Amino acid sequence: MSEEYAIQMKGITKVYPNGTVANQDVNFNVRKGEIHALMGENGAGKSTLMKMLFGLEQPTEGEILVNGESVKLSSPTVAISKGIGMVHQHFMLVPSLTVAENMVLGMVPTRSGALIDYDKAVKITEEYSKRFNLKVDANAKVMDIPVGMKQKVEILKALVRGAKILILDEPTAVLTSQETAELFTELKSLKTQGYTLIFISHKLNEIMEITDRMTILRGGRSMGVHETKNVTPQEISRLMVGRDVVLKVDKDKAEPGATVLKVRDLEFVNEWGKKMLDKVSLSVRKGEILGIAGVEGNGQKELVDMLFGFETPNAGTITVNGVSTIGMNQRELREHHISLVPEDRMLYGIAATASIEENMISDRASDKRFNKGPLFNMAAIHEESKRLVKDYTVLCKSAQQQVGSLSGGNIQKVVVAREFSNDPVLIIADQPTRGIDVGATEFIRKKLVELSRSGIAVLLISADLNEVMELSDSLIIMCGGQIAAYFEDTENLTDDLMGRYMLGIEHQSPEEIRRVCHE
Amino acid sequence: MSKKNSLKFSVVRALAALGIALLLAFILIFVSAEGGSFGAKMSNSLAALQQMLLRPILKKSGKFAAKNFCDILAGMIPIMFTGLATCIMFAANQFNLGAEGGIMLGAFVTALVAIYAPIPGPLLIVVAILAGGLAVAVVMLIPSVLKAKLGVSEMVNSLMLNYVIMYILNFLMNSYLADRSKGITQTYAFRENAILPQIIDNGSRFSWGWAIGILVTILCWFFMYRTRWGYGIRMTGINQPFVMYSGMNVPLIIILCQVIGGFLAGMGGGIEMLGRYQYYNWSALPGYGWTGITVAILAGNNPIFVPLAAFFMSYLTKGCSLMSMNANVPAQLIDIIQAVIFLFFAAQQFLSGYRQKLVIRSAQEELAAKAASGERSDK
Amino acid sequence: MNIFTTAFFFSIFRIATPILFATLAAVIGEKGGVSNIGLEGIMMMSALFGSLTAYWTGQWWIGVLAAMVVGCAEALLMGFFAFKLKTDIILTGTAVNMIGSGGTLFLVKVITQATEGQSYASTTGLITKIHQIPSLNIPLIKDIPVIGKVISGHSILTYLAFILVWLTAVLLYKTPLGLNIRSVGENPNAASSVGVSVNKIRYITIGIGGILAGLGGAYMSMYYAMGWSLDMVAGRGFIALAAQSMGGGEPLGSMFAALIFGFAQALGIKVSSTGVDSNLVAPIPYIVTILALIVFALLQRRNEKKRHDNALQ
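Residues numbered from 1 in each chain as written. Chains lettered and ligands numbered in written order. Predicted model: local features only at pLDDT ≥ 70, side-chain atom pairs only at ≥ 80, totals over all residues. Heavy atoms only, no water.

## Comments concerning the overall build of chain C
We apply this condition: Each helix is a run of H or I in the DSSP string that is no shorter than four residues. Each strand is a run of E no shorter than two, and both are numbered from the N terminus. Accessible area is worked out with a 1.4 Å probe on protein chains only. A residue is then buried under 20% of its type maximum, exposed over 50%, and partly exposed in between. Working rule for contacts: check all heavy atoms of both residues, and any pair within 4.5 Å makes them a contact. Note that accessible areas follow from Shrake-Rupley with a 1.4 Å probe, and for residues the cover is restricted to the protein chains shown. Neither His nor the chain ends is counted toward charge; the positive residues are Lys and Arg and the negative residues Asp and Glu. Charged side chains are reduced to one point each, which is NZ for Lys, CZ for Arg, CG for Asp and CD for Glu.
Each helix and strand counted, chain C has 13 helices and two strands in total. Seen along its three principal axes, the alpha-carbon backbone of chain C occupies a region of about 65 × 50 × 40 Å. Buried positions account for 56% of the 313 residues belonging to chain C. Within chain C, contacts between residues at least 6 apart in sequence are counted, and of these 75% link residues at least 24 apart. When the accessible surface of chain C is split by element, carbon and sulfur atoms take 66% of a total near 12,200 Å². Positive and negative charge centroids in chain C, built from 19 and 12 side chains respectively, lie 6 Å apart.

Set out below in structure tokens:
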């Protein structure tokens, strides 16, 4: 009975040209008229699977059927013509155009053959808005409307193009709770009108509330299909959050010293008025690694932005060894021996067409030891880069090789070599091993432990559970811009327990959380 | 890609760009050539092409054309300086096009010092040239500070400044500084001790300014590749967020590179003045700034290749002027050739298919090498 | 002495016309995300071919048409280098300006050699009254005192330029093409996600700019100055870029910016007619450009800060 399915993706495997296997033999079937959740951690392969369904990527192996008919989705245009619509996480809207104009972009109604029939565009918009009970202001410019309305415009855009199957990529990530509630009512009403919805999310309570069935991905493979009403949040979290490869790192017990980094009641509201950090307080002491776990988008990025001077908090304090660092630029922060392994290594971490050596000295190019009067002391620089290449086992022909020509793991070793070697008192490591090979991962993890044991304070932010649990002496979990839990040691932690805090099923008491301040 | 293949690609690409430019030049020459029949036109255009490509260094008899060669070397002087200026500004991704006005202002200020400053001996030369450079460096604070502090396009501002400089200098000449005893607008003569001596005094004006140019080239290379400031400039050109994150002062770098660029352009103007003229008589922008941009593009923004690129451009210029004298093809053909070479040199995707092939071959070679060494280590 | 005569105000429109054409080209370009700094060179090239064609055919309007075709062709060639070969758009524009300077001189010499049997360095000797773009006396309006003398009697292209301000606004805001241009300029991903071909729109954008700059060139060589001569455009293509940003990138605002430049230059000419050195007044438009860019940047910064503060509340 294939007709009951709107979407059947059979045996889908996707290998990217660089060799990454994003999906492996995944079966994904969506029934007509259901809301089907696609769940999984970051990097589990959800996006890739959906990109293939929307024609943005082609599967390496496997077959896709839409309404029982085998199709080749070579571009979004083809996908749209098959009745598939996608609401992207990053809105595909033109800010200075009105809602109505965005609605009809690429299929503009005209009058007398040449001019835009703007009234008709508005009429179409309002008609759809009414029919699906998605309230939007057709005449407002997109840049002036709230995020929630932008999302509705995106949904309407898909509907007006004849979509019967809607992919919603983390639609609630940017919404406030009221907006989320509103969205859910609308989605349910779409369902009763016979639309099929694919709902990508990390948020368990939302999944439980709105979906009929779910497919869980982990490490590019499907962990099976489940009826939502038959599974408990605990089961889901166990299926979703799991450790596949366990890289053991031996470490002695930490002997924490004085507090180095002290964050108190930090708050941050982003430019769309959403509160991204809500009274975050934590302390990191000499000689310990404090891990921050959590699903991405729960305030970790914003916290790092505050700590390294890319953004200014709305309230709260940050001190490093007693000195307030709010308002400092990166040069001043580095003069205070604060290092950052940035999450986006290609944007901040390196200058791709410069040499390894040039990338290794970017934070210390003005140091006395590398200059002789006005000139560089090339001997000292060569020696430094050679030493770092050796110490950090960067696989390269020489330190003069272009850093952009290295593999991801070796690029990250160059970043890490620089950030770890300039006598830091505090290292902020933001996703230090994301997307790199096992060897480099293991090396960087060992190095982090080694440095912390030598008396450096380390703040580790990672979406990789295995990593935070293995490396951290103690750890906090962030959820919704708040600290949801603090664990003094990671010995007896289970994935299951972590998952419950990460997905917002449980939340510790303020007193328990406050222990991370060590006061 | 391996170093060998990457070099190979650069050479092939450069030759292809030159080839296309010369082909276009030949077509234009052919169109403009005299002659009734196709054959006559063809032989005339080949003769013209010969004038352009060979005569700058070879006489008709096949002997080395020493005088022409000196002209070429002398012609390098101003464009080496504007080329270096542009290199340093473009290296930081600052599209300041003010070398054109800069060289005129530098020439003017140097000329004033050379006329009016009672400084003894060769010291006058030094002071005059430095004054020219400093004047332009100060003027370049305008576009650079505006860019660093307000984000105003340095490109439009520097272009506007070119015109402002030209008109104001012309005004000063007309109103105050011209030698009224002369028929055309020119200043009084420079002091005798301000004249730059010639390396070979054969009328080519092949002055010691050329040697200064080579010396400054080397200094610029050291500055760009052996000092922290040059390093900061280069890194800013590659990835500005990286430079900020690393704790370098980005606004300062943006200002610094344009001020230095201005200094070099101004210095070039001064040297050109004292090496070639006895008095200042420019009334329009000289065009050296634009050629300097081509030189910088050809040199890949690396100072050390500037003399080579400047030689090439000067050679072509000489060739075009010989061609216009002897074969009746207008000398401005150089501007078209220059623009075409420039366009293809700067085109990232030009011959990208060929590069892709080389990349793949490189990767295969590497894999093969790895496999071979693996086998060896297994044994 | 009275500066502000009707002749003075008349001259503002006359002077502003070529800048206005180029400014509209810049407006459309920026809306479509294509910064064309080669407008200067395109104007030079089309000025040359416009005047030559008018001379050959004896018809001014064929000359204008030729200027538009040449402007468009050159712009599309720029597009080929910028979009296809990925040459930096600023460098592409710089190359076009180089060709516009010396290259046009080469062409005029070669072409006149071939057609006239003698090589000319300009076409001022060839263009006479009969090739001039005609002026238009507007019935009724021309008889209104003062206003008639200011508004009536301009070249046809001057009127066209001001009509084009309106047409540009219509194109950008009332047609499907304009909607596509604006969305490609602002968010190419959004445009391509609904099936709009981004590259096609970019070529159209730069091509329209070329046609507009071509009109500006035709006006220069067939009305403003009678005939083409070296460097006659004198930075108007660059001033247009400044006028575009001062006008907030909108057709109407940019038109006023272009008129301000016309005013500054007209004032300069007037002042210099009283005996002041013309070299002292000639740089005024360029200085005004720099000052205007500063003021505009300061205003923009203030607005951004305001918007940011509002978001926080």
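## Describing the overall build of chain B
This is how the line gets drawn: Atoms counted for the radius of gyration: C-alpha only. Globule rule: 2.2 Å times residue count to the power 0.38.
The number of helices and strands found in chain B is 15 helices and two strands. In terms of overall size, chain B behaves like a compact globule, its C-alpha atoms giving a radius of gyration of 24 Å where 379 residues would be expected to give roughly 21 Å. If you line up chain B on its principal axes, its C-alpha atoms span 90 × 65 × 35 Å. Evaluated residue by residue, chain B yields a buried proportion of 55% over its 379 residues. Relative to all contacts within chain B whose residues are 6 or more apart in sequence, the contacts with residues 24 or more apart total 73%. Accessible area of chain B: about 15,500 Å², with a carbon and sulfur share of 66%. Positive and negative charge centroids in chain B, built from 27 and 13 side chains respectively, lie 3 Å apart.

## Some points on the packing of aromatic side chains
For the record, the criterion: Between rings of Phe, Tyr and Trp, where Trp is taken as its six-membered ring, a pair exists when centres lie within 6.5 Å; planes separated by under 30 degrees are stacked, by over 60 edge-to-face, and by other angles tilted. Here, a charge over a ring is recorded when the distance from Lys NZ or Arg CZ to the ring centre is within 6 Å and its angle to the ring normal is within 35 degrees.
Using the criterion set out here, one finds 37 aromatic pairs over all chains in the structure. Consider the rings of B:Trp221 and B:Tyr225, whose centres lie 5.6 Å apart with planes at 20°: the pair is stacked. With B:Trp221 and B:Tyr225 both in helix 8 (residues 209–226), this residue pair falls four residues apart, about one helical turn. Overall, the relative accessible area of 22% leaves B:Tyr225 in the partly exposed class. Above the face of the B:Tyr245 ring, A:Arg334 is positioned so that its terminal group lies 4.7 Å from the ring centre. Across the ring face of A:Tyr392, the terminal group of A:Lys447 is positioned such that the distance to the ring centre comes to 4.7 Å.

## Looking at the interface of chain C and chain B
Frequently, the measure chosen for interface size is the accessible area that the parts lose on association. Applied cut-off: Once two parts are brought into contact, the accessible area they lose, counted with a 1.4 Å probe and summed over both, makes up the buried area. The term salt bridge refers to a side-chain nitrogen of Lys or Arg lying within 4 Å of a carboxyl oxygen of Asp or Glu. As used in this structure description, the phrase polar contact means that two N or O atoms lie within 3.5 Å; if the pair is within protein, one of them must be able to donate a hydrogen and the other to accept it, and residues adjacent in sequence are counted only when both atoms belong to side chains. Charged residues are taken to be Asp, Glu, Lys and Arg, nonpolar residues to be Ala, Val, Leu, Ile, Met, Phe, Trp, Tyr, Cys and Pro, and polar residues to be all remaining types, Gly included.
Residue-level contacts link 42 residues of chain C with 44 residues of chain B. When chain C packs against chain B, close to 3,900 Å² is buried across both sides, 81% of that on carbon and sulfur atoms. For chain C, the biggest contributors to the area lost against chain B are C:Met98, C:Phe106 and C:Asn279; these three give 18% of the whole. Linking chain C with chain B are zero salt bridges. Linking chain C to chain B there are four residue pairs in polar contact (both at pLDDT 80 or more). At the level of secondary structure, the elements contributing two or more residues to the side of chain C that touches chain B comprise helix 3 (60–84), helix 4 (89–116), helix 10 (236–246), helix 12 (278–281) and helix 13 (284–312) of chain C. At 14 residues, the largest contribution of residues to the side of chain C that touches chain B is made by helix 4 of chain C. Across the side of chain C that touches chain B, the residue classes break down as 26 nonpolar, nine polar and seven charged.

## Some remarks on the pattern of salt bridges
All names here are of chain A. Tallied over the full model, the rule gives 44 salt bridges over all chains. In this structure, Lys82 engages Glu69 in a salt bridge whose closest nitrogen and oxygen atoms are separated by 4.0 Å. Here Glu69 lies in strand 5 (residues 69–71) and Lys82 lies in the loop between helix 2 (76–81) and strand 6 (84–87), a separation of 13 residues in the sequence. Using a relative accessible area of 44% as the deciding quantity, one classes Glu69 as partly exposed. A salt bridge links Asp363 to Arg334; its shortest N-O distance comes to 3.8 Å. In this pair, Asp363 sits in the loop between helix 12 (356–360) and strand 19 (371–372) while Arg334 sits in helix 10 (residues 330–335), placing the two residues 29 residues apart along the sequence. The exposure class of Asp363 is buried, given its relative accessible area of 15%. Three or more residues joined by partner-sharing salt bridges are found here, namely Arg334, Asp363, Arg364, Asp367, Arg369, Glu384, Arg387, Asp391, Arg418 and Glu419.

## Section: the interface of chain C and chain A
Taken together, the 20 residues of chain C in the interface contact 25 residues of chain A. When chain C packs against chain A, close to 1,800 Å² is buried across both sides, 67% of that on carbon and sulfur atoms. Among the residues of chain C in contact with chain A, C:Leu179, C:Glu186 and C:Val194 are the three that bury the most area, contributing 30% of the side total. For A:Glu101, the salt bridge identified is with C:Arg182, shortest N-O distance 3.4 Å. Where the side of chain C that touches chain A is concerned, the elements lending two or more residues are helix 6 (156–174), helix 7 (176–186), helix 8 (188–193) and helix 13 of chain C. Of the residues in the side of chain C that touches chain A, the class split is 10 nonpolar, seven polar and three charged.

## Some remarks on the pairing of strand 10 (residues 196–200) of chain A
All names here are of chain A. Under the convention used in this document: What makes two strands pair is DSSP finding at least two bridges between them. Seen with its strands pointing away from the viewer, a crossover is right-handed if its path from the first strand over the helix to the second goes clockwise.
Among the five residues in strand 10, five count as buried, and that is most of the element. Of the two faces of strand 10, both are covered, the one formed by Thr196, Ile198 and Ile200 as well as the one formed by Leu197 and Phe199. Where strand 3 (residues 35–39) meets strand 10, four bridges bridge the pair, whose relative direction is parallel. The partner of His36 across the bridge, within strand 10, is Ile198. Assessed by its sense of winding, the connection that carries the chain from strand 9 (residues 165–169) through helix 6 (residues 177–192) to strand 10 is right-handed.

## Some thoughts on a positive patch on the surface
All names here are of chain B. Test applied: In this scheme, patches are assembled from residues that exceed 30% relative accessible area and form no salt bridge. Like charges are connected within 9 Å, while nonpolar side chains (Val, Leu, Ile, Met, Phe, Trp, Tyr) are connected within 5 Å.
A cluster of basic side chains, namely Lys4, Lys8, Lys357 and Arg361, defines a positive patch on the protein surface. Listed by contribution, the elements that provide at least two residues to the positive patch are helix 1 (3–32) and helix 15 (352–378). Along the polypeptide, Lys4 turns up in helix 1.

## Focus on unusual backbone geometry
Although it is not a glycine, A:His337 adopts a positive phi angle of roughly 65°. Mapped onto the elements, A:His337 comes out in the loop between helix 10 and strand 18 (338–341). On the basis of relative accessibility, which here comes to 32%, the residue A:His337 falls in the partly exposed class. Even without glycine at this site, B:Arg205 takes up a positive phi of about 60°.

## Some words on empty space enclosed by the protein
A water-sized probe, rolled over the atoms, reveals where empty space remains. Spelled out, the test is: Each cavity reported here is a set of points on a 1 Å grid over the protein atoms alone in which a 1.4 Å probe fits but cannot get out, each pocket an open set with protein on both sides within 12 Å along at least five of seven lines, and each lining residue one with an atom within 4 Å of a point. Grid points are joined across faces, edges and corners, and a volume is the space filled by probe spheres set on the points.
Scanning the model with the defined rule gives five cavities of 30 Å³ or more in all. Of the volumes computed, that of the largest cavity is approximately 140 Å³. In terms of lining residues, the largest cavity is bounded by 13 residues, among which A:Phe54, A:Met86, A:Lys157, C:Ser193 and C:Val194 are the most central. Of all the elements in the fold, those that place two or more residues in the lining of the largest cavity are strand 6 and helix 5 (147–160) of chain A. Looking at the lining of the largest cavity residue by residue, the class counts come to seven nonpolar, three polar and three charged.

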